[in-house]
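Geometric and topological summary
The primary structure of each chain is shown beneath.
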Amino acid sequence: MPTTLELPKIYEAAQDFMPLNGTDYLELYVSNSKQAAHFYKSAFGFQSHAYAGLETGLQDRESYVVIQDKIKLVLTSPLKSGTAIGKHIDSHGDGVKVIALWVDDATAAYENAMQRGAKSFLEPTKESDDNGSVVRSGIYTYGETVHVFVERKDYNGLFLPGFKKWETPNYNPESVGLKYVDHMVGNVELGRMNHWVEFYEKVMGFVNILSFDDNDISTEYTALMSKVMSNGNGRIKFPINEPAEGLKRSQVDEYLDFYEGEGVQHIAVATDDIISTVRQLRSRGIEFLRVPDTYYDAVTDRVGKIDEDIAPLRELGILVDRDDEGYLLQIFTKPVEPRPTMFFEIIQRKGAQSFGKGNFKALFEAIEREQELRGTL
Ligand code: FE2
């Protein structure tokens, strides 16, 4: 088990055949894109950005793009029955379809991935408008989730060709201070974690930077295992979870049942001021998981001195953890759709590069209390 101080050495082992500049956009297939866009603006502080649909010449779907600093969400719904998007929503409910990755060469990324055994989603495709051209290509990852490679070096438009500016002069709620996607976690079937670890190693040149077994992640009742995959520059991190044997059904089992397969469990988004961000999110109606108040009685002994006062962390339910390099603050929303599937994590890193292992037990007990209420434990 490496310490995070060893991470730079581990990153050197990452292959550079697929350089990734960062997360480009996340596309969610949702049953009502117009209302979802309103929700992400109102509740999460995203801004109106771009639109494609009937008014731009599309016949079968509509997409709204909302933006907050570096985070772009594309919210897509079908406009008629029998579409691939509609089938995806029927199977999975609202969820993440596309994790798009910003590359310098989408054709080379695709060819490299295909040579290394990827399954094709989209052959390299060039789209153009007055602002230049974008090349996109795509491969499948776990479940029906895909990675789209986006090459935009010859494009200076708003988002992608085919999108127009989405203007909402009368309603533009303020940002809540979310900055970028820190990591995105996938839930996979029992016994499949190592398969997807190998996929990220072999097909995309990622390295396994951290591993958690069921001794690290277990409560009295449930357990799971997790391995964190990272690309070479550390900008893209994908922890992969699988359920582990426990007395009751774990949160990963619950997810797999309700998503009807493997998919994205949570999107972790970073802020520079988690107390302010969480206060605003709460006032806009976002619901968070709560750990028992006793968590805060022991927190200073566990993590030592931190810059923040404990009182607002206790008030808002923000969790703290420390590793070799620093500490982090984090909190998790409840699922943001009817099925108990995808949720968000809000994270502020103060040196720490890890994922809050010291909070796992308290957190998973909080999730179990929610599962109990849903009758799914
Ligand atoms: Fe996370």
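Because the structure is predicted, anything quoted here is derived from the model rather than measured.

**Regarding the nonpolar core**
Counting residues in hydrophobic clusters, the biggest one holds 95 residues, and the most contacted among them are Tyr 40, Phe 149, Met 204 and Ile 267. Residue assignment places this core across two domains, with domain 1 (20-165) and domain 2 (178-374) each supplying three or more. The residues contacting Met 204, other than those within four sequence positions of it, are Phe 17, Met 18, Leu 20, Leu 101, Ile 139, His 147, Phe 149 and Phe 199. By size, the runner-up hydrophobic cluster in this structure holds 13 residues, among which are Tyr 25, Val 65, Val 74 and Tyr 155.

**Some words on the environment of Thr 168**
Structurally, Thr 168 can be placed in the loop between β9 (164-165) and β10 (178-187). Residue Thr 168 is classed as buried on the basis of its relative accessible area of 17%. Only 3.3 Å separates the side chain of Thr 168 from the side chain of Lys 41, close enough to count as a polar contact.

**So, the sheet that holds β10**
In spatial order, the strands read β11-β12-β13-β10-β14-β17-β16-β15; together these eight strands make up an open sheet with mixed pairing. Every other strand in the sheet has two partners, leaving β11 (207-212) and β15 (319-322) as the edge strands with one partner each. Averaged over all pairs of adjacent strands, the angle between their axes in this sheet comes to 25°, without regard to strand direction. Bridging between β10 and strand β14 (residues 263-271) involves eight bridges; their strand directions are antiparallel. Its bridge partner lying in β14, Met 184 is registered against Ile 267. Across the sheet, helix α5 (residues 193-202) touches β11, β12 (223-230) and β13 (237-244), and the angle it forms with β12 is around 5°.

**Focus: the domain arrangement of the chain**
In many analyses, interface size is given as the accessible surface area lost on bringing the parts together. On domain assignment, one finds that the chain holds domain 1 (20-165) and domain 2 (178-374). Using only C-alpha atoms to locate each centre, domain 1 and domain 2 end up separated by 25 Å. The interface is formed by 41 residues belonging to domain 1 together with 39 residues belonging to domain 2. For the pair domain 1 and domain 2, the interface holds one salt bridge. A salt bridge links Asp 69 to Lys 179; its shortest N-O distance comes to 3.8 Å. Counting across the domain 1 and domain 2 interface gives 13 residue pairs in polar contact (both at pLDDT 80 or more). At the level of secondary structure, the elements contributing two or more residues to the side of domain 1 that touches domain 2 comprise β1 (22-29), α2 (33-42), α3 (84-92), β5 (95-103), β7 (132-140) and β8 (146-151). Counting residues per element, the side of domain 1 that touches domain 2 draws most heavily on α3, which supplies five residues. When the residues that make up the side of domain 1 that touches domain 2 are grouped by side-chain class, the tally is 18 nonpolar, 16 polar and seven charged.

**Some words on the sheet that holds β9**
Read from one edge to the other, the open sheet built from nine strands follows the order β6-β7-β8-β5-β1-β4-β3-β2-β9, with strand pairing classed as mixed. The sheet is open, and its two borders are formed by β6 (120-129) and β9, each paired with just one other strand. One ladder, built from six bridges, connects β7 with β8; its direction is antiparallel. By the bridge assignment, Val 135 is partnered in β8 with Glu 151. Of the strands in this sheet, β5, β6, β7 and β8 touch helix α4 (residues 106-115), which is tilted by about 15° from β7.

**What about the packing of aromatic side chains?**
Scanning the entire structure with this criterion turns up 22 aromatic pairs. Aromatic side chains Tyr 295 and Tyr 296 sit 4.8 Å apart centroid to centroid with 70° between the ring planes, which places their arrangement in the edge-to-face category. Judged by relative accessible area, Tyr 295 falls into the buried class, the value being 10%. Members of the aromatic cluster, joined through ring pairs, are Tyr 142, Trp 196, Phe 199, Tyr 200, Phe 206 and Phe 238. The ring of Trp 166 carries the charged tip of Lys 41 above its face, separated from the ring centre by 4.9 Å. The ring of Phe 355 carries the charged tip of Arg 349 above its face, separated from the ring centre by 5.3 Å.

**Brief notes about the pairing of β15**
Two faces, one strand: in a regular strand the side chains alternate between the faces of the sheet. Pairing analysis gives four bridges linking β15 to strand β16 (residues 327-332), with the strands arranged antiparallel. Across the sheet, the residue bridging to Val 320 is Leu 329, located in β16. With antiparallel pairing between neighbouring strands as the criterion, β15 and β16 make up a hairpin whose turn holds four residues.

**Quick look at α4**
Of the positions making up α4, those classed as buried are Ala 106, Ala 109, Tyr 110, Asn 112 and Ala 113. For α4, the buried positions fall inside an angular range of 165° around the axis, keeping them on one side. If you follow the buried residues of α4, they end up packed against β5, β6, β7 and β8. Sitting at the amino-terminal end of α4 is Asp 105, which places a side-chain oxygen 3.1 Å from the backbone nitrogen of Thr 107.

**Digging into the side chain of Asp 24**
Inspection of the secondary structure assignment puts Asp 24 in strand β1. Within the local environment of Asp 24, its side chain forms a polar contact with the side chain of Arg 152, the two groups lying 2.8 Å apart.

Definitions and limits used
Residues numbered from 1 in each chain as written. Predicted model: local features only at pLDDT ≥ 70, side-chain atom pairs only at ≥ 80, totals over all residues. Heavy atoms only, no water. Core = buried A, V, L, I, M, F, W, Y, C linked by side-chain atoms within 4.5 Å. Buried < 20%, exposed > 50% of the residue type's maximum accessible area, 1.4 Å probe, protein only. Domains from an automatic or database assignment. Contact = heavy atoms within 4.5 Å. Helix = DSSP H or I, 4+ residues; strand = E, 2+ residues; numbered from the N terminus. Polar contact = N/O pair within 3.5 Å; in protein donor to acceptor, adjacent residues only side chain to side chain. Pairing = 2+ DSSP bridges. Axes fitted to C-alpha atoms, helices over the stretch in contact; angles between N-to-C directions. Salt bridge = Lys/Arg side-chain N within 4 Å of Asp/Glu carboxyl O. Nonpolar A, V, L, I, M, F, W, Y, C, P; charged D, E, K, R; others polar. Phe/Tyr/Trp six-rings, centres within 6.5 Å; stacked < 30°, edge-to-face > 60°. Lys NZ or Arg CZ within 6 Å of the ring centre and 35° of its normal. Arc of directions from axis to C-beta.

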